Amino acid sequence: MAEAADFPGMSPSPARRLLRRTGAALAAAPLLAAPLLSGATTAQAAAPAAATADATGTSTVAVAVNQLSPSAPTEGDTLTVTGKVTNNGKQAVTDAYIGLRVGTSYNGRMAVDDAAKNSTGGYPDGTDVASKYAEKVATLKPGATQDFTLSVPVKALHLGADGVYQISAALKGQTASAPYPQTLGIQRTFLPWQPDAAGTRTKTTVLWPLISDTGLTAETGTDEQQTPVFTNDDLAKEIGPGGRLQQMLSLGRTLDVTWVIDPDLLASVDAMTETYKIKEANGKLTSGKDQARAKEWLNDLQAAVQGQKVVTLPFADPDLASLAHSGTKVTGSLSHLKDATDAAVLTVDTILHVTPDASYAWPVEGAVDPDIVKVATSAGSDKIIARSDSLQETNKLQYTPSAARPIGGGTTALVADARLSTAFQGDMTGAESSTLAVQRFLAQSLMLDRQTDQQRSVLIAPQRMPTASQAQTMAKALAVLQGSTWSQSQSLSDTAAAKPDPGATTRVPSTRAYPSKLRKQELPQSAYEQIQATQRELENFKVVLTDESRVVTPFGRAMDREMSTSWRGGTAASDGFRTGVSEYLKGLTDQVSLIEKSQVKLSGRSATIPVSVQNNLWQDVDHLKLRLTSDNGTRLKIGDGASQDQVVTIASGHSQSVKFTTTAKATGPVWVYAQLLTEDNQPYGKQIAFQVDVTEVTPTVMLVIAGGVLLLVLAGFRMYTQRKRAVAAKAVANGPQDDSEAAAEAEPEDEPAAPTRADVPQQPSDPTADTTSESTAPSSTGERVDR
């Protein structure tokens, strides 16, 4: 942003002009008097000046400012500066002392930026504070270090008008090669000075993000409770003592901030409150042991957000830029964003017992273009959190305008201040880097407030996942800012509703202006194609389940995680996660399958062919049908044609035998195919094929056999009649006999049994499975896959 002056269009008051002239004169006086105070001749004074001007001279000793308190002093305070000095030179430093120097005030935010780039070395500008507040330093041998503490009453700094001043800790001493007093080391920072309340305070909104990397997988244990499985134990460490999320929670409770929460984090910690597993690198599952820690963290968060404004991101914080630039090329991808938004509200409400605001979209680093805006609003968001280094000012304003900007279509862009939002990036583990970041942040905030007397609303949107040290530094700076005389806290909703500055830009930058560095980190189109393939498989799977919600919910959330912003810069990890979700779903789908069948031999005109279906899931399956198809419907009919469908319903943990009636028209082998189908005729699972060997007795052969049987019957009858005649003739020849004897003789011998048609062999049916039924009691609610 262009900033030509602190107060555009306004001239300083006479009193302020007098103060500035007096300050300039005081600043120049020590420089003019230095040769006289040292008692040296003009020629002698020139040598130290030349040595001092040498940049390497002021870099001989490294001066670290580890603490500056108070960060924004007022009248009557005592400024305390602590730190250490380290001799980086090759010679010992003697006759040394360290003290403070005060420079003139800065005239704009860009001046603060420039000064921050030159915080060490160079010419020792500014005015020395009275020597009685300096501290002597013992002889510093090469590599030696010594701590120091300087305490100076603020009135001894002789600060002038309100503003931001340069303050330095500088070490003066001598070396063998330069045996005269000279500045050998210096560290500059900023001192905000606004002892009285500003006429118009800046209304400041701070986002406090609770977001984490994806850790919960779609996989669950093989038990009835479907125990959740995590990829690692990182989340337990983050919510534990000293962990990043534990620090964010404990620090945020003490600040006036707007909580921005990823519901996936809540769902993951909630899953840890009960039995859970951790998947080791070798695939082995171990039991998680941090249930108590998870419960404590959630309880503390519930207490912290009660009565507070909570903004929820869509579930798993989907990467809006990736979705806009690559995902929209794949049909169906946008539907996941709407589902993730709906799931977010329910998750936050269920776990934290507060109703969150889901109307805000937050692209990575606040970088926007028309495609990102379109995607963000497609899920119902009408406010987009951008950043001033993306939505840059083009109207040459002399001040930073308010955050809210109407960008068309009923959408408001809330433009976070880039300088304040990025102030705590980088390594903040060292006390010096943390202290310097705090002072620079406060300096930028005060300079922003002093730009104009107009009331403005400013938004601070820090990095999504600050480290523990970054969070601590942020909290320290915000605590000072929220107690300062130039800023007052404001909720995000009030900032969004504030009257826009008519001079602020409302033009969204073009797609070509999107930073190439950020574009390289995005998910590719192939990632969204894989996600949609998983979605199609899920659609086929869920229709056969009696309780589809037990599968749809966890896999839906898993696909949300596949689109997460947290995958930026982790291509291999994101690929592995997507593949794991897909393979696990396929494994569950295969739990309902056809049992392989060997060759079947059929004889006779008709027979029954059984096909078995197995269900190894923890719930019943329904809405399935089994289709058996003959490769040659002329030779082997199934039912009334070449194929037949039968409805299949299988209890959990059981198998079922489905019988098909077949009719053979000719002998020989015929291929038969079995395929499970959903009700809408979509193939489910793998098709199996087996061969049916038909050995049917044809009608011609049957006639021959029947003829033979008839001849045998006739021959038997002829033999019977002939024997009967022979017996009668014998009776006539022998004369009358005893009745009983005659009767005995008249009794014919046992008749041979009449030959009958052999039974047609039948293919035995598979017995109905008697697998012991496993428990069908419902699992507990939550993100569990009912297998």
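Before any of the text, the structure's been laid out above.
Here is a short report on the structure shown in this document. (Residues numbered from 1 in each chain as written. Predicted model: local features only at pLDDT ≥ 70, side-chain atom pairs only at ≥ 80, totals over all residues. Heavy atoms only, no water.)

1. A closer look at the side chain of Thr-473
Logical step 1: Here Thr-473 lies in helix H13 (residues 468–482).
Logical step 2: A relative accessible area of 2% means that Thr-473 is categorised as buried. (Helix = DSSP H or I, 4+ residues; strand = E, 2+ residues; numbered from the N terminus. Buried < 20%, exposed > 50% of the residue type's maximum accessible area, 1.4 Å probe, protein only.)

2. Regarding the nonpolar core
Most often, soluble globular proteins have nonpolar side chains that are buried together.
Logical step 1: Membership of the largest hydrophobic core comes to 73 residues, with the highest contact counts inside it found for Phe-541, Phe-555, Leu-626, Leu-628 and Val-692.
Logical step 2: Setting aside anything within four residues of it in sequence, one finds Phe-541 in contact with Val-551, Leu-585, Leu-588, Thr-589, Leu-617 and Tyr-684.
Logical step 3: The next biggest cluster of nonpolar side chains, apart from the first, holds 62 residues, and it includes Val-257, Val-348, Leu-442 and Ala-475. (Core = buried A, V, L, I, M, F, W, Y, C linked by side-chain atoms within 4.5 Å. Contact = heavy atoms within 4.5 Å.)

3. Considering the packing of aromatic side chains
Logical step 1: Per the stated rule, a full pass over the model turns up 5 aromatic pairs.
Logical step 2: Ring centres of Phe-230 and Tyr-276 lie 5.4 Å apart, and the angle between their planes is 75 degrees; on these two criteria the pair is classed as edge-to-face. Here Tyr-276 lies in the loop between helix H6 (263–272) and strand E13 (277–279) and Phe-230 lies in strand E11 (residues 228–230), a separation of 46 residues in the sequence. The residues Phe-230 and Tyr-276 share a single accessibility class, namely buried.
Logical step 3: Judged by centre distance (6.0 Å) and plane angle (25 degrees), the ring pair of Phe-555 and Tyr-584 falls under stacked. (Phe/Tyr/Trp six-rings, centres within 6.5 Å; stacked < 30°, edge-to-face > 60°.)

4. Considering the sheet that holds strand E22 (residues 592–594)
In a beta sheet, neighbouring strands are held together by backbone hydrogen bonds and run either parallel or antiparallel to one another.
Logical step 1: Strand order in the open sheet made by the 4 strands is E22-E24-E28-E26, with antiparallel pairing throughout. Only two strands of the sheet have a single partner each, and these edge strands are E22 and strand E26 (636–638). In this sheet, neighbouring strand axes are inclined to one another by 30 degrees on average, regardless of whether the strands run parallel or antiparallel.
Logical step 2: The pairing of E26 with strand E28 (residues 655–664) spans 3 bridges and is antiparallel. Within E28, the position partnered with Leu-636 by the bridge is Ala-664. (Pairing = 2+ DSSP bridges. Axes fitted to C-alpha atoms, helices over the stretch in contact; angles between N-to-C directions.)

5. Concerning unusual backbone geometry
Logical step 1: Here the amide bond leading from Ser-69 into Pro-70 is cis, since omega sits at -5 degrees, within 30 degrees of zero.
Logical step 2: Mapped onto the elements, Pro-70 comes out in the loop between strand E1 (61–69) and strand E2 (78–87).
Logical step 3: The backbone of His-158 sits at a positive phi, close to 55 degrees, despite the residue not being glycine.
Logical step 4: Tracing the sequence through the fold places His-158 in the loop between strand E6 (145–153) and strand E7 (163–174).
Logical step 5: Of the residues examined, His-158 reaches a relative accessible area of 63% and is grouped as exposed.
Logical step 6: Unusually for a residue other than glycine, Glu-365 sits at a positive phi of about 55 degrees.

6. Description of the pattern of salt bridges
Logical step 1: Here the structure, examined in full by the defined rule, presents 25 salt bridges.
Logical step 2: In this structure, Asp-113 and Arg-419 form a salt bridge, with 2.7 Å as the shortest nitrogen-oxygen distance. Of this pair, Asp-113 sits in helix H3 (residues 109–117) while Arg-419 sits in helix H11 (residues 418–421), and the two are 306 residues apart along the sequence.
Logical step 3: According to the relative accessible area criterion, Asp-113 is buried, its value standing at 15%.
Logical step 4: Here the salt bridges share partners, and the residues they tie into one network are Arg-101, Asp-128 and Lys-172. (Salt bridge = Lys/Arg side-chain N within 4 Å of Asp/Glu carboxyl O.)

7. A look at empty space enclosed by the protein
Logical step 1: The full count for this structure, using the stated rule, is 10 cavities of 30 Å³ or more.
Logical step 2: When its volume is computed, the largest cavity comes out at roughly 50 Å³.
Logical step 3: Lining the largest cavity are 12 residues, with Thr-400, Pro-401, Arg-405, Val-415 and Asp-417 sitting closest to its centre.
Logical step 4: Among the secondary structure elements, those contributing two or more residues to the lining of the largest cavity are strand E19 (411–416) and strand E20 (457–460).
Logical step 5: When grouped by side-chain class, the residues that make up the lining of the largest cavity number 6 nonpolar, 4 polar and 2 charged. (1 Å grid on protein atoms, 1.4 Å probe; cavity = no way out; pocket = protein on both sides within 12 Å on 5 of 7 lines; lining within 4 Å. Points joined across faces, edges and corners; volume = space filled by probe spheres on them. Nonpolar A, V, L, I, M, F, W, Y, C, P; charged D, E, K, R; others polar.)

8. Here's the deal with the sheet that holds strand E29 (residues 668–678)
Logical step 1: The strand order across the open sheet formed by 5 strands is E23-E30-E29-E25-E27, and the pairing between neighbours is mixed. The strands lining the two open edges of the sheet, one partner per strand, are strand E23 (600–602) and strand E27 (643–650). This sheet shows a mean twist of 30 degrees between the axes of neighbouring strands, independent of strand direction.
Logical step 2: In the sheet, E23 pairs with strand E30 (residues 683–694) via 3 bridges, with the strands oriented parallel. Paired with Leu-602 across the two strands is Val-694, which belongs to E30.

9. Regarding the environment of Ala-170
Logical step 1: Looking at where Ala-170 falls in the secondary structure, it is placed in strand E7.
Logical step 2: Classification of Ala-170 as buried rests on a relative accessible area of 6%.
Logical step 3: Once the C-alpha coordinates of Ala-170 and Ile-186 are considered, the two residues, 16 residues apart in sequence, prove to be 4.2 Å apart.
Logical step 4: Once residues within four sequence positions are removed from consideration, Ala-170 is found in contact with Tyr-97, Ile-98, Gly-99, Arg-101, Thr-183, Gly-185 and Ile-186.

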